Structures are given as C-alpha cells and as structure tokens.
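The chain contents come next:
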Amino acid sequence: MRKLIGYLLVVVSLSHGLTEHFDESATLSPVSSNELRVDFRFNSERLYDKKTELLNYLTFPRILQELLNRYSVHKLTVTMAHGRWNLDQWGTPPQPSSPAGAQVFAEFEVEREEEADERMKFLVEALNGVLCTSISHINVVTSPEFVVLQNHNKRGNLYRKYGVLSGETTCTENLTRLRKLLACKENGLSTLLHPSKLYNSVYHSSHLIIEQQCRNNKCEAKMEVGVSVVMRNPSQKSQRHWSLADVFDRKLGSQCKVARSSQLNIIGPSGEITYTDLKNLTNLSGEEPFEVYIPITDVSKKESVVKAWSSQGGFEQKHGVLTVHVTNDDSLSQIQVSQIIPYYVHIRYSQINWRCDKGGVPTIQKIFKNNKSPEAPTLLQYKMSLSAGQTCELVIPFDKQLLRLEQYPPDANHGMHIPAASVYIEKTTISYTIHSNTILVLLPVPDFSMPFNVICFVATAFALVFGPIQLYSTLFLAPVIKKSQWGRKVHRAILLAIIAFCLYAHMMDINLNEIRRGIETYFEKLNELK
Amino acid sequence: MMLAEDVPCNSRNPRPGTVYAARAGANLYGSDVEVDYRGEEVTVENFIRILTGRHHPATPRSKRLLTDHQSNVLIYLTGHGGDSFMKFQDSEELTNVDLAYAIQTMFEDNRYHEMLVIADSCRSASMYEWIDSPNVLSLSSSLTHEESYSYDVDTDIGVYVIDRYTHYTVNFLSKEVKALNSSANMQDYIDSCPARKCLSTTGVRKDHYPKDVNRVRVTDFFGSSRIFQHLSEEIVLDDEFWM
C-alpha cells in the first residue's frame, strides 16, 4: 500500500512538473586530540511551475516558500552562533561563516530602496516567528559594496540588506524550529540533533539559507539548514575513540525514507574521507544499533589561513579604540574587511588608519556607508591585498555616546556589543569568509532612577522656598488683625499633623499604597455605619 | 512564554541546554520548548501589547495571543515584585493598575471567555487589587503584607532555583493533572499550597468570577485543552457569535 501511495505521489508530481529533493549529510572530523567537529547539512530543492504549483508541497517547507514569495526574496542567509571559531587549530570555519550572535543577509527583487527597507523590517519579524529568535533590534546596513559573506557576491540588480545582532543567544528553541523545516524531523540524521549535547560544546553555529530563481514561470527554490559544532571530549580519560552514542547521546535508529541521499562522512586524521550511505544500510532498525568509531589521535589541522581578531583599547568612559587585527599565514591573498559600527559609538573618521608590518600598508580601496537616521549603523569596508606573513591592524578610535534614557537596553550595565569584523578572502583556488570576535563596550550609563530623584528634589526645594517667599510677599500687605486666630491655628495644626504623619510613615516604612488602602477601608467602615 | 534571561544556553550554565527545578527533577527545557519573547524583547510594553493585541503589523503569529470570546486565558507572572508592582528586567515595572487596565481592554475587545491570573512574587496579592473585569479569577502566592519564599537551593551554582508556590504548583499538576480528562478542580489547586508549606498565605480573589471554583476543572486553564465535539447537524453562525 505504501509503495502504491509513493508511486502515486511520483506520478502526480511528474504530471504537474513539480520536483522536490531532500538530501542530508553529516560530516565528523577530529580537529585536535580531544575535539571533534561535526557538520550537519540538510538540503531541500523544489522545482515548480509558478502558475499551477504554488500550493502543492511534498518535502519543501511551505513557510519558507511563502517567505520567498511574499517578500520577493532572492536569497536569504541567517546564521546564529555561540562561541568563537578557533582559526589557529580548526582551520577554515564552516561557510557561511557566523559571527557570535545572529546575522541576516537578504537580497530583494524589488523596484525601490524604500520597498526593500520595508520588506527587511517585515522579513526580520517573520524570521522571529519561523526561527524563534528575537532579532527585532538588529543593526541593518544597506547594500554593502564589497563582499561580506562568501555566498552573497554582488551581482544583478538586487537590493541587499545586511544586519548583525551580536547579543542574540541561540538555544534549544532555535534548533527545534530549524528541525521543523526538515523533511525528516524524527528519522535519519536529524535524530542526532540532541540539544543538550550540541550546546555542551566549545562552539556551535547554525544557519538557514533560502534562495529562489525564476525563469518563465519555472521556479527553483532551495533551502539549506546547517548545524556545525565543535565538541570537546568530556572524559579526559584515555578513551580510544569517539562513537555516535558518546557524541550525541542518541542512536541512529531509522532511515529518512524520503531523502534522495543520506550520508555520514568521516574525515580521518590525514584527510581521507570515509563515506557511509545510510540509504544502503539495511540493519539500521535492528537489535544492534548502527555505530561508527572514530579513533582519537593527535591530529592538528594546521591549515594556513587568514586570521582575524578584534580588541578594544582606551582607558576612560568617554573614548575608546577598536582594533581589528588581520594576519595572513597564507600566500598573497586579496581580502575585503567589513566592520559594522552601531549608532551608540561615534567613530572619528579622520583618525581611522591601517598599520601594517612587513612592507608597509598596501594600497587600500575603502567605502564608508552612513545613514541619516540616528539609529542606523555605519559600515566601513576595505579592499586590499595582504602579502604572505603580513599582519595589518585597522585602528578605529571612537567616542561613546550618552544615549537617551529609552535607547538603553533593559540591562544597560552589561554593556553593548560592537559586531565582529568580517573578512572575505579571495584566492584563485578558494574563497571564504572569517569573522573576528565581538567587542563588548561599556557605555556611560545614567542613573535610571534619576527622573524620580529629580521630582523629589525639585518638590522638596520648592516646598522649602515657597514658604518664606509666600510669607514675605504677603506679610507686607497683610493688615494686622488682633481678632482670635482660630482658623490659622487649625490650619497650622493640620499641617503639623500631616508632617508628623509623613515622618511616622517614613520611619515605619509605610508605603503610599498601604496608606491608600487604610483610607479606603476607613471609608468603607463609614459607609457601613449608615 | 516570555523569558528575560538566557539561562539554558548561558556560558555559565554547568549543564548547557538544560534547566532543572530540583536536583532530582527532570529537564524543564525539553527539545519541544518554544520561547516567544526572550532577552531584550521582554518588556512591559510587549506584555501589554500581547494582552491587548495592539501589535506592529509585522509581528508574526507566534508572538500574538490570538484569543477570542471562547478562549480561557492564563496569565502566570513569576519573578521579583513588591507592593503593587512586578519587576521586568532591570529597570522596568508592571504595576497592578497597568495589568487591570490591560485586562479591562481585553474584556472590552472580547478577547477572553474566562481568565486566571496567577502572581507569584513577594506581596503578590496587590497585583490583582485593581482588576474589575468580569470572569477573572485571581490567585497569588502571598498576601499584600507578606513575602514569598523560595523552595530549593542549588549549592553548585549558589542560587535558589524555584519558588515555593511554583514548586507546589508543579507538584500538583504533575500528580493530579496527568491528562486532559483530569477531574481536579480549581479549589484543589488553590489548596495545593497551604500556608504551612508555602510559608505565606496564598491569596484568592473570586468576586469577579461567577462560577463555583469547586466545579471548575483545572484543565480549563492549564493544559490548553482542545476537547473537540463532533456535530452532525448543520450550524449557521450568526453575527452574534463573532461579537
């Protein structure tokens, strides 16, 4: 029966020109003697006819197709990461490279810039819904001229929006949502996505890429969900190998039947790759769980790469210096450096400079992008070639801003982030992006109870000053009345009583609400008396 | 669900990706968890917006309450509070008047059928003091002049991990309300944390709630019960139904 249904599905899909594919793979490679890198990739493709096939779906997530169509997205990349990729030991980071926090790059097929701005706003909110993120406050910059992400090269007549939110956390709820986009949520390789194991790691990142191209009503939509993790061997004992059960705390007990391919790749210490096709395994759901063992050996992936890191200088509350260090351990490379500066620090444009060792500063092309809006970030971009072994530093002095009260985040004393710099490296054989680290800037923080204090202070001063002024301004004019002054005495007595009560309330720590409740109950009792 | 702190995946969590309420308890942050508002998005403004439904048009469906005149709404506020307020994050407070106005707006917009407000903080009975809207049952962990207390301390991280009221609520729900057809009633729930266990007197306010709490099932509010009834006859929904 199941076969028949599957056969029917194929027939139906063929007759309508709808084709969908789902591929999954996991790659395990030890990167040091006690660290294992795991990369999951889930790819979905959908070929359909725009006229007839908008509402038929087999394995492609409908929500993503709706995002693509509704916001006229050509290509969208969202990454989330926690931790820092160790370029020294682990080599090239998984692409698209993710800075700490969240990153969104969207290309829109629209007519005008304002339209793209509006769509980006809605797209970010929609992503919050799809991925369970909270990136509404993302720092978006418009149309980066140089390459920021390796898979978003500038081409065509598209409006491009790029944003980073460094403080964004990534956790189980995001992984759950990513998993919901897959064709196989409970079978196949996705069973290995166990949150408490994945997040108990040195570094973890996840990404979602969606893309759509249409030609004469024939459309091709693509999706890639990726999860990359570097895990550290928890037991420092002399364990001889990694195993799936140890690494993921789950066993691979079922196949993803709808997948076109389902592969488990293991990269050995000397770079040899062992492929296991899970579709060919017959005994996966048998008594003995499927297991692979990766020997623990002393590997060190000494890849020659370009490295980048950021640091912060300065010693006072008002000013600071951001330095981006770029080192080329490789041969001569073309690099493009991008740095987003959020609105809460103001950079001193005249003092920005590059410092290089070995052969001085190369010729640099630069583009600065700023926006009239006071809360828009600034984008600094540089294009240069770095010779082998050269280290360059980009020095950006900045002034910290005293913001408006409502512009501070709820935990302002924690500080605010300057996103990581992105470095795109272009060589004849390979091109990739790396990210430096995020910088936490401590801004001058006002006393948030200040408005309350000001009100108290002004009221007190006013009360103290008002008495004598009123007295002297009215005394001169007042006729001397020798009559009985009962009214005045009563007035004074009431004032004294109020002051005494205030003092009592202050000494006894009685707050205003309790006094109000007291008065209310008193009136209620009066009502009952009638 | 609103979660201001990233507790599970914070680097200082000794067991990343998990949250435990007790040393021997189960992981509360299972793989099916959904957090709707987190981090900086947890603000008083957003909370009021959820209740009243006045969102920016871009707000996704998962961040809206989307209730109507047939929905039973449960609001569970837990955290630090004081007389007439509840703390949100570092520098904001939700006052009892804000809460009462938001609920009154919900009533006027027909956004709930019955509502259960639970406040678990010090002096939490003050939180429902101003609520005047019909069909609202309010509970609190302590009376206005009392403090609420924590239940369990984790010596590894040096923090109290659960409040007494929440602890006994979890206990009650996991013992008495195992399925949607559970017959436990609201009075059982109210009695689940007596003063000798809670170390504070729990507050109840029933004067705007017309039903007898002995005859109201706990699953009316907890468990998002979806009990469907199959109808075979044709029903025409008139305008009054949607009002």
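All values reported here derive from a predicted model rather than from experimental measurement.

1. Examining the sheet that holds strand 6 (residues 159-165) of chain A
Residues and elements named next belong to chain A.
Phase 1 of the analysis: Read from one edge of the open sheet, 10 strands run 5-6-4-3-7-8-2-1-10-11, paired in mixed fashion. The strands lining the two open edges of the sheet, one partner per strand, are strand 5 (139-142) and strand 11 (273-277). Each strand axis lies, on average, 10 degrees off the axis of its neighbour in the sheet, ignoring direction.
Phase 2 of the analysis: Judged from the 13 bridges that link them, strand 7 (residues 203-215) and strand 8 (residues 218-232) form a sheet pairing that is antiparallel. Paired with Glu211 across the strands is Lys222, a residue of strand 8.
Phase 3 of the analysis: Sitting on the sheet, helix 4 (residues 113-131) is in contact with strand 3 (73-82), strand 4 (101-108), strand 5, strand 6 and strand 7, with an inclination near 135 degrees to strand 4.

2. Brief notes about the state of the cysteines
Residue and element names in this part refer to chain A.
Phase 1 of the analysis: Under the criterion given, the structure shown has five disulfides over all chains.
Phase 2 of the analysis: Across a sulfur-sulfur distance of 1.9 Å, Cys184 and Cys256 are joined as a disulfide pair. Here Cys184 and Cys256 share a disulfide; its torsion about the S-S bond, 80 degrees, makes the bridge right-handed. Taken together, the positions of Cys184 in the loop between helix 5 (172-180) and helix 6 (195-198) and Cys256 in the loop between helix 7 (244-248) and strand 10 (261-267) put the pair 72 residues apart, joining distant regions of the chain.
Phase 3 of the analysis: The disulfide partner of Cys214 is Cys219, and the gap between their sulfur atoms is 1.9 Å.

3. As for empty space enclosed by the protein
Residues and elements named next belong to chain A.
Phase 1 of the analysis: One pass over the full model with this rule turns up six cavities of 30 Å³ or more.
Phase 2 of the analysis: A volume near 50 Å³ is recorded for the largest cavity.
Phase 3 of the analysis: Taken together, Thr170, Leu175, Leu198, Tyr199, His204, Ser205, Ser206, Val227 and Val229 form the lining of the largest cavity.
Phase 4 of the analysis: Breaking the lining of the largest cavity down by element, the ones donating at least two residues are strand 7 and strand 8.
Phase 5 of the analysis: Top contributing element to the lining of the largest cavity by residue count: strand 7, with three residues.

4. A few points about unusual backbone geometry
Phase 1 of the analysis: With an omega dihedral of -5 degrees, the bond running from Gln95(A) to Pro96(A) counts as a cis peptide bond.
Phase 2 of the analysis: Along the polypeptide, Pro96(A) turns up in the loop between helix 3 (87-90) and strand 4.
Phase 3 of the analysis: Despite not being glycine, Gln89(B) has its phi angle at roughly 55 degrees, a positive value.
Phase 4 of the analysis: In this structure, Asn110(B) takes a positive phi of about 60 degrees despite not being glycine.
Phase 5 of the analysis: Structurally, Asn110(B) is set in the loop between helix 2 (96-108) and strand 7 (114-120).

5. Quick look at the pairing of strand 15 (residues 333-341) of chain A
Residues and elements named next belong to chain A.
Phase 1 of the analysis: The element strand 15 is extensively covered by neighbouring structure, given that eight of its nine residues are classed as buried.
Phase 2 of the analysis: Judged from the nine bridges that link them, strand 15 and strand 19 (residues 378-386) form a sheet pairing that is antiparallel. Within the sheet, the bridge partner assigned to Ser338 lies in strand 19 and is Gln381.
Phase 3 of the analysis: Sheet analysis places strand 15 next to strand 22 (residues 422-426), joined by five bridges and oriented antiparallel.

6. What about the UniProt feature "transmembrane region" (unreviewed entry) in chain A?
Phase 1 of the analysis: Residues annotated by UniProt as "transmembrane region" (unreviewed entry) correspond here to residues 452-478 and 490-507 of chain A.
Phase 2 of the analysis: Secondary structure across residues 490-507 of chain A divides into 100% helix and 0% strand, with the first and last C-alpha atoms of the span separated by 25 Å.

7. Regarding the interface of chain A and chain B
Phase 1 of the analysis: Listed per partner, the contact involves 35 residues of chain A and 34 residues of chain B.
Phase 2 of the analysis: Between chain A and chain B, the buried area comes to about 2800 Å², and carbon and sulfur atoms account for 50% of it.
Phase 3 of the analysis: Of all residues in chain A, Glu173(A), Pro410(A) and Arg517(A) give up the largest surface area on contact with chain B, accounting jointly for 20% of the area buried on that side.
Phase 4 of the analysis: Joining chain A to chain B, the criterion identifies seven salt bridges.
Phase 5 of the analysis: Linking Glu173(A) and Arg38(B) is a salt bridge whose minimum nitrogen-to-oxygen distance equals 2.6 Å.
Phase 6 of the analysis: Only helix 4, helix 5, helix 6 and helix 10 (512-529) of chain A provide two or more residues apiece to the side of chain A that touches chain B.
Phase 7 of the analysis: Top contributing element to the side of chain A that touches chain B by residue count: helix 5 of chain A, with six residues.

8. Some details on the packing of helix 4 of chain A against helix 5 of chain A
Residues and elements named next belong to chain A.
Phase 1 of the analysis: Between helix 4 and helix 5, whose axes approach to 8 Å, the crossing angle comes to 90 degrees. Comparing their axes, helix 5 and helix 4 come out roughly perpendicular. Within the contact between the two elements, helix 4 uses Gly129, Val130 and Leu131 and helix 5 uses Glu173, Asn174, Arg177 and Leu178.
Phase 2 of the analysis: When its residues are assigned to classes, the contact of helix 4 with helix 5 shows three nonpolar, two polar and two charged.

9. Observations regarding the packing of aromatic side chains
Residue and element names in this part refer to chain A.
Phase 1 of the analysis: Under the definition given, this model contains 17 aromatic pairs over all chains.
Phase 2 of the analysis: Relative to Tyr344, the ring of Tyr343 has its centre 5.2 Å away and its plane inclined at 70 degrees; by these criteria the two rings are edge-to-face. Of the two residues, Tyr343 and Tyr344, neither departs from the other in class, the shared state being buried.
Phase 3 of the analysis: Ring centres 5.8 Å apart and planes at 20 degrees place the aromatic pair Phe462 and Phe466 in the stacked group.

10. Details of the pattern of salt bridges
Phase 1 of the analysis: Under the defined criterion, the tally for this structure stands at 35 salt bridges over all chains.
Phase 2 of the analysis: Glu34(B) is paired through a salt bridge with Arg177(A); the nearest N and O atoms lie 3.4 Å apart. Residue Glu34(B) is located in the loop between strand 1 (2-3) and strand 2 (37-38), and its partner Arg177(A) is located in helix 5; the two belong to separate chains.
Phase 3 of the analysis: A network of salt bridges, in which partner residues are shared, links Arg516(A), Arg517(A), Glu520(A), Asp83(B) and Glu129(B).

About the cut-offs
- Residues numbered from 1 in each chain as written.
- Chains lettered and ligands numbered in written order.
- Predicted model: local features only at pLDDT ≥ 70, side-chain atom pairs only at ≥ 80, totals over all residues.
- Heavy atoms only, no water.
- Pairing = 2+ DSSP bridges.
- Helix = DSSP H or I, 4+ residues; strand = E, 2+ residues; numbered from the N terminus.
- Axes fitted to C-alpha atoms, helices over the stretch in contact; angles between N-to-C directions.
- Contact = heavy atoms within 4.5 Å.
- Disulfide = S-S within 2.5 Å.
- 1 Å grid on protein atoms, 1.4 Å probe; cavity = no way out; pocket = protein on both sides within 12 Å on 5 of 7 lines; lining within 4 Å.
- Points joined across faces, edges and corners; volume = space filled by probe spheres on them.
- Buried < 20%, exposed > 50% of the residue type's maximum accessible area, 1.4 Å probe, protein only.
- UniProt positions renumbered as here; feature names shortened; annotations may be inferred.
- Buried area = accessible area lost by both parts, 1.4 Å probe.
- Salt bridge = Lys/Arg side-chain N within 4 Å of Asp/Glu carboxyl O.
- Parallel < 35°, antiparallel > 145°, perpendicular 65-115°, else oblique.
- Nonpolar A, V, L, I, M, F, W, Y, C, P; charged D, E, K, R; others polar.
- Phe/Tyr/Trp six-rings, centres within 6.5 Å; stacked < 30°, edge-to-face > 60°.

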